[in-house]
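# Overview (structure and organization)
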Amino acid sequence: AAIGSTLDIVILILTAHGAHKDHFAVIDLIVLAMIMLTIFGTYAFKLVSGYAAEEGHVHEALRLDGPAIDHRKRLIYEDVQKVSSWNIGALFLVGIVSAFLGGERVSVFAETAIQDLGLNEVATAVILAGFAGMSEYVILWRAHRKGQHSIALANAFGGITQVMFLVLPFTLLAVGVYQGAINPGHPELPLHFNVSLALLTALLFPTFFVLVALLQEDHTFGVLDTVIMGAICLLILLSLLAYGS
């Protein structure tokens, strides 16, 4: 929320009347990407170290010895299947190839939707985002069906964190490297400040601020909370679709 607000204030100031900067330079993209990736790296480290510390407190409080600790680990990881490094490596390569081929198809779809079908850029982005998040929706639905609400909530927050602090900065970094070292004359570059970008960064603050406030209030996410967040997201989508382009 704070990063979105900061970016929005900077964009609004730079695009004010008389300003001489109306786009992101290569160095802007790279620095912003590295800052956000640093946040994600710190977040991941604290997540793992915090879990390890919590387990240590549990062992101490329950006075668990070696065999009891091993039994607890078996209970915690009983649903985790072990796979070989070769399987992990093979899936990693398949993911890279699929992402490359899929990325090309996404680009073709976007161009077709905007140029041939006449959709605006925001509507096209919303459609693509819906397909990109399909796996998240399936996991959330299945977790809710099984009553595993903590898993559903953790998965939702994990998705938000990864998109904001891993996917977005990696994209900005790739764009910066491409613009600076590969094809500076690309017709879509540099990335200009526009209404869509200003709205997106500005509306990050109320979305995440209200989400955190609701969770801190009672640490649950009931019907009222869901309606409130649904209404906020709907208003954001309507605003982007109506005024973003």
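In this text the structure is predicted, and so the values were computed from the model without any measurement.

### Some points on the overall build of the chain
Helix and strand counts for the chain come out as 9 helices and 0 strands. When the helices and strands of the chain are read in sequence order from the N terminus, they spell out α-α-α-α-α-α-α-α-α. Buried residues in the chain amount to 19% of all 245 residues. By sequence separation, contacts in the chain at least 24 residues apart represent 63% of the contacts at least 6 residues apart. In the form shown here, the chain has an accessible surface area of approximately 17,300 Å², with 70% of it arising from carbon and sulfur atoms. Considering the chain, the positive charge centre built from 11 side chains and the negative charge centre built from 19 side chains are found 13 Å apart.

### Some points on the pattern of salt bridges
Using the criterion set out here, one finds 1 salt bridge in the structure. Residues Lys-21 and Asp-28 are paired through a salt bridge, measuring 3.0 Å at the closest nitrogen-oxygen approach. Overall, Asp-28 belongs to the partly exposed group, its relative accessible area being 26%.

### Quick word on a nonpolar patch on the surface
A grouping of Phe-109, Leu-117, Leu-119, Ile-127, Phe-131, Met-134, Tyr-137 and Val-138 is seen on the molecular surface, where their side chains present a nonpolar patch of about 760 Å² in accessible area. Breaking the nonpolar patch down by element, the ones donating at least two residues are helix 5 (121-132) and helix 6 (134-145). By residue number, the principal contributor to the nonpolar patch is helix 6, which donates 3 residues. Positionally, Leu-119 belongs in the loop between helix 4 (85-116) and helix 5.

### A closer look at the nonpolar core
Residues Phe-24, Leu-29, Met-36, Phe-165 and Leu-172 are the most contacted members of the largest nonpolar core, which totals 13 residues. When contributions to this core are tallied by element, the ones reaching two or more residues are helix 2 (26-61) and helix 7 (149-182). At 5 residues, helix 2 tops the list of elements feeding residues into this core. Sequence-distant contacts of Leu-172, defined by excluding residues within four places in its chain, comprise Leu-29, Leu-32 and Ala-33.

### Focus on the packing of helix 2 against helix 3 (residues 66-76)
Running from N to C, helix 2 and helix 3 cross one another at 130°; their axes reach a closest spacing of 12 Å. Between helix 2 and helix 3, the angle is such that the two are oblique. Where helix 2 crosses over helix 3, the two elements pack in a sense that is right-handed. Touching Tyr-51, Glu-55, Val-58 and His-59 of helix 2 are Ile-69, Arg-72 and Ile-76, all from helix 3. Class assignment of the residues belonging to the contact of helix 2 with helix 3 gives a composition of 4 nonpolar, 1 polar and 2 charged.

### Topic: the side chain of Gln-179
On the secondary structure map, Gln-179 appears in helix 7. If near-sequence neighbours (up to four positions away) are discounted, Gln-179 is found in contact with Phe-24, Val-26, Leu-29, Pro-184, Leu-189 and Pro-190.

### With respect to helix 1 (residues 2-14)
Here helix 1 contains 13 residues, and its C-alpha end-to-end distance of 18 Å stays within 8% of the 18 Å for a straight helix at 1.5 Å per residue. Restricting attention to buried positions, one finds in helix 1 the residues Gly-4, Asp-8 and Ile-11. Taken end-on, helix 1 shows its buried residues confined to a sector of 65°, consistent with a single buried face. Turned more than 90 degrees from where helix 1 packs its buried face, Ala-2 and Ile-13 sit exposed.

Analysis parameters
- Residues numbered from 1 in each chain as written.
- Predicted model: local features only at pLDDT ≥ 70, side-chain atom pairs only at ≥ 80, totals over all residues.
- Heavy atoms only, no water.
- Helix = DSSP H or I, 4+ residues; strand = E, 2+ residues; numbered from the N terminus.
- Buried < 20%, exposed > 50% of the residue type's maximum accessible area, 1.4 Å probe, protein only.
- Contact = heavy atoms within 4.5 Å.
- Areas by Shrake-Rupley, 256 points an atom, 1.4 Å probe, with all protein chains shown as cover.
- Lys, Arg positive; Asp, Glu negative; His and termini not counted.
- Charge placed at Lys NZ, Arg CZ, Asp CG, Glu CD.
- Salt bridge = Lys/Arg side-chain N within 4 Å of Asp/Glu carboxyl O.
- Patch = residues over 30% accessible without salt bridge, like charges linked within 9 Å, V, L, I, M, F, W, Y side chains within 5 Å.
- Core = buried A, V, L, I, M, F, W, Y, C linked by side-chain atoms within 4.5 Å.
- Axes fitted to C-alpha atoms, helices over the stretch in contact; angles between N-to-C directions.
- Parallel < 35°, antiparallel > 145°, perpendicular 65-115°, else oblique.
- Left-handed = near helix turned anticlockwise from the far one by under 90°.
- Nonpolar A, V, L, I, M, F, W, Y, C, P; charged D, E, K, R; others polar.
- Expected span 1.5 Å × (residues − 1).
- Arc of directions from axis to C-beta.

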